Structure formats: C-alpha cells, structure tokens
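# Geometric and topological summary
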Amino acid sequence: MLSVLDIFKIGVGPSSSHTMGPMNATRRFAQALAERGLLDRTAKVAVQLYGSLALTGKGHCTDRAVLLGLEGLEPATLDPDAVEPALERIRAEGRLRLAGRREIAFDEPMDVLWHRDQVLPGHSNGLRCTAFDAHGAVLAREEYYSTGGGFVVSADELRAGGGPGVAAGPSVPYPFASAQELLARARDAGLDLHELVLANERAFRPDAETRDALARIWAVMQACVERGFTAQGLLPGVLKVKRRAPKLYRQLTEAGNASPMHAMDWVNAYALAVNEENAAGGRMVTAPTNGAAGIVPAVLMYYRRFEPGASDEGVLRFLLTAGATAMLYKR
C-alpha cells in the first residue's frame with residue numbers, strides 16, 4: 001500500500017514526471033556514489049535522457065532538474081529562489097558540486113545528452129547516469145524511470161517488480177486495490193473513508209505525525225495560491241505567456257459578491273494561480289501530479305472560504321479521502 005504522503009508531495013514545477021522525477025533520480029545516483037565510497041574517485045558524470053524526457057524535457061526544465069539533482073538538491077526542500085543562482089554558477093564555471101560535496105568539471109552540452117530517437121525498454125521516461133574516474137573508466141552506471149507523480153524506480157527494481165519507486169511499506173489493516181474493495185472494507189469496519197485511510201497511515205507513523213505533515217501540505221498549497229495571485233510578468237518559456245491569475249484576483253476582489261457564479265469564479269482563480277506557479281517552477285504540492293496540482297487546492301480554498309462550518313479538521317478529512325482516490329489511480 002502507498003501512504004497518503006506518497007501521493008501529496010511538496011515539490012517544484014513544472015512537471016512531476018519530467019522535473020521532480022529526474023531531479024530525484026540524479027540525486028539518488030549521486031547519493032549512491034557517496035554511499036558506495038565512489039564519490040572521491042568520480043571525475044566526470046554523464047546523464048543521457050530518452051523517450052519523452054528527451055522529446056519534451058527542454059520545455060519541462062528536465063535539464064535544470066538533472067543538474068540540481070546531481071548537486072544533491074531535492075524537490076521537497078529546494079528553495080525556488082536558489083535555483084537560478086545555482087544554475088548560473090554551474091554553467092558559468094563549468095563545474096558541479098556532486099552530491100553537494102565533490103566538485104567536478106561539468107560540460108553540460110557534452111555531459112547531458114538528449115536521445116530523442118531512442119526509448120529505454122522499461123518506460124517512456126528513462127534516463128541513464130554514468131560516473132567515470134579520472135582515466136575514463138566507468139565507476140557506476142544506473143538506469144532510472146520517472147513513472148509519474150515524482151516517483152522514480154531503477155531498472156533493477158522495475159525488473160524485480162518493485163512498483164512505483166517507493167520502498168515496500170508495512171502491512172496495513174485495511175488494504176484495498178479497487179474502489180469497490182475500498183468501500184466494502186469501510187462499510188464492514190463501520191468507518192468513514194478518511195477514518196480508514198488514517199487507520200492505514202498508523203502503520204507508517206503516529207497520527208500526530210500524519211496530521212502535522214498534512215497540515216504542512218495544506219500550508220504549502222495556500223502559499224502557492226497567494227504567490228500565484230501576487231506574482232507578475234511572463235511565465236518562463238518561448239511562448240511568452242502572461243500570468244492571468246493576478247488580474248483575475250483583482251477583478252474578483254473589486255467585484256464583490258454580485259455575480260451568481262461568484263464562488264465558482266474564485267475556484268477557477270485558485271486553480272489558475274497554482275497552475276501558473278507550477279509553470280513558473282514555484283513550490284507546490286503534487287496532487288497527485290504537478291499537471292493536476294491546481295484542483296485539490298482550489299476545492300480546499302473554496303471549502304475554507306465559502307462552506308459554513310469549515311475547519312482544519314475538514315481539510316484533514318478531505319486530504320485523507322482524496323489520497324485514497326489517488327492511490328487507486330496510481331495503482
């Protein structure tokens with residue numbers, strides 16, 4: 001079983017499969033070099049991108065994610081404001097801090113290759129990482145697949161049936177593999193869906209830790225909406241798309257409650273604010289992916305603003321129940 005915290009993950013845009021996944025993969029490779037005692041012997045690292053990562057990676061900032069991951073940064077803790085200075089340093093100096101510790105020469109056009117006409121056998125989002133010593137001998141090589149939602153699985157794990165790239169979890173009291181089974185288990189146990197999911201989460205961690213983590217996720221969602229409403233200018237990319245959420249926010253604030261569609265207009269504005277922050281590479285929450293990340297925060301923002309009796313406990317119930325639905329899609 002997955003945990004609800006496998007579904008809702010704090011990260012950065014614009015894509016869970018093409019940005020967060022490659023960053024997690026290259027960070028994992030750099031960490032593996034350190035754990036195997038190979039870091040100090042590594043003089044060069046090369047990353048090859050295949051399939052969809054190669055075809056659409058430029059638009060999804062895959063190259064940026066690869067560099068940041070090699071430096072040991074991860075989506076959950078990465079400061080979006082630190083991204084540009086780090087990339088400018090790597091590209092200007094031609095050097096990279098592998099795993100944040102080992103400085104090596106790095107020639108991005110030669111060390112990050114885009115194989116647009118090739119696909120690795122396990123998945124359309126594939127990449128291969130290779131470490132070399134000072135004499136050009138291969139120290140380590142690993143293939144990874146970004147399977148969506150920021151999940152990463154190695155080729156060996158995929159062949160062994162290792163699932164979506166998370167460690168095998170503990171046994172839960174109410175396992176389910178379909179919506180029918182989920183509903184049946186809740187009915188038989190006399191539990192609401194959120195109660196069933198929380199009972200399963202106890203196999204991973206105490207209730208207090210789950211509640212604190214979900215509260216943090218909700219706080220990041222709210223902050224993402226607020227940034228989307230205040231940011232100005234154009235979104236990154238060659239299309240030069242202007243942000244629309246700030247203008248929509250001003251219009252709705254000035255209009256008051258006159259429109260019968262007032263609440264739905266706000267729902268759309270909330271979702272747009274998150275989507276634009278995601279497109280800009282800002283901090284957000286996979287729900288359950290970056291591409292769909294605006295919907296859950298928009299519903300929760302609506303609930304807190306327009307629903308009588310709304311509470312933080314209601315937010316928790318919603319996230320647990322939504323997490324159960326996302327687990328079914330992930331399977």
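Residues numbered from 1 in each chain as written. Predicted model: local features only at pLDDT ≥ 70, side-chain atom pairs only at ≥ 80, totals over all residues. Heavy atoms only, no water.

We now examine the packing of aromatic side chains. All told, the structure shown has six aromatic pairs when counted by the stated rule. A centroid spacing of 5.5 Å and a plane angle of 25° characterise the contact between tyrosine 302 and phenylalanine 306, whose relative ring orientation is stacked. On the criterion of helical spacing, the pair formed by tyrosine 302 and phenylalanine 306 is a turn pair, its members being four residues apart in helix H13 (residues 295-306). Assessed through its relative accessible area of 29%, tyrosine 302 is described here as partly exposed. A relative accessible area of 26% places phenylalanine 306 in the partly exposed class. Three or more aromatic residues joined by ring pairs form one cluster here, namely Phe229, Tyr249, Trp266 and Tyr270. Its end group placed over the ring of phenylalanine 151, lysine 9 keeps NZ or CZ at 4.2 Å from the ring centre. Over the ring of tryptophan 266 we find arginine 305; its NZ or CZ atom is 4.0 Å from the centre of that ring. (Phe/Tyr/Trp six-rings, centres within 6.5 Å; stacked < 30°, edge-to-face > 60°. Helix = DSSP H or I, 4+ residues; strand = E, 2+ residues; numbered from the N terminus. Buried < 20%, exposed > 50% of the residue type's maximum accessible area, 1.4 Å probe, protein only. Lys NZ or Arg CZ within 6 Å of the ring centre and 35° of its normal.)

Our focus in this paragraph is the sheet that holds strand E8 (residues 151-154). Spatially, E5-E2-E6-E7-E8 is the arrangement adopted by the five strands of the open sheet, whose pairing is mixed. The open sheet terminates on both sides in strands that have one partner only, identified here as strand E5 (112-115) and E8. Neighbour-to-neighbour, the strand axes of this sheet turn through a mean angle of 25°, independent of strand direction. As judged from the four bridges shared by strand E2 (residues 44-50) and E5, these two strands associate in the parallel manner. Across the sheet, tyrosine 50 pairs through a bridge with histidine 115, a residue of E5. (Pairing = 2+ DSSP bridges. Axes fitted to C-alpha atoms, helices over the stretch in contact; angles between N-to-C directions.)

Once that is clear, we can look at H13. Across its 12 residues, H13 extends 16 Å between first and last C-alpha, which sits within 8% of the 16 Å expected from 1.5 Å per residue. Taken together, the buried positions of H13 are Val296, Pro297, Ala298, Leu300, Met301 and Tyr303. Tucked inside the fold, the buried residues of H13 contact helix H10 (207-230), helix H12 (262-279) and helix H14 (312-330). (Expected span 1.5 Å × (residues − 1). Contact = heavy atoms within 4.5 Å.)

Take the pattern of salt bridges next. This structure, assessed with the given rule, holds 18 salt bridges. Arginine 205 serves as the salt-bridge partner of glutamate 201, at 2.6 Å between the closest nitrogen and oxygen. One exposure class covers both glutamate 201 and arginine 205, and it is buried. Within this structure, Lys58, Asp63, Arg91 and Glu108 form a network of salt bridges that share partners. (Salt bridge = Lys/Arg side-chain N within 4 Å of Asp/Glu carboxyl O.)

This paragraph deals with unusual backbone geometry. The amide bond that connects glycine 13 to the next residue, proline 14, takes the cis arrangement and shows omega of 10°. Within the element layout of this structure, proline 14 appears in the loop between strand E1 (9-12) and helix H2 (16-35). Following alanine 287, the chain continues to proline 288 via a peptide bond in cis, the omega torsion being -5°. Here proline 288 is to be found in the loop between strand E9 (283-286) and H13. Its identity is not glycine, yet cysteine 61 carries a phi of approximately 65°, on the positive side. Checked against the element boundaries, cysteine 61 lands in the loop between helix H3 (51-56) and helix H4 (62-70). Using a relative accessible area of 22% as the deciding quantity, one classes cysteine 61 as partly exposed. The backbone phi angle of lysine 240 is positive, close to 55°, even though this residue is not glycine. As for its placement among the helices and strands, lysine 240 is situated in the loop between H10 and helix H11 (245-255). With a relative accessible area of 57%, lysine 240 lands in the exposed category.

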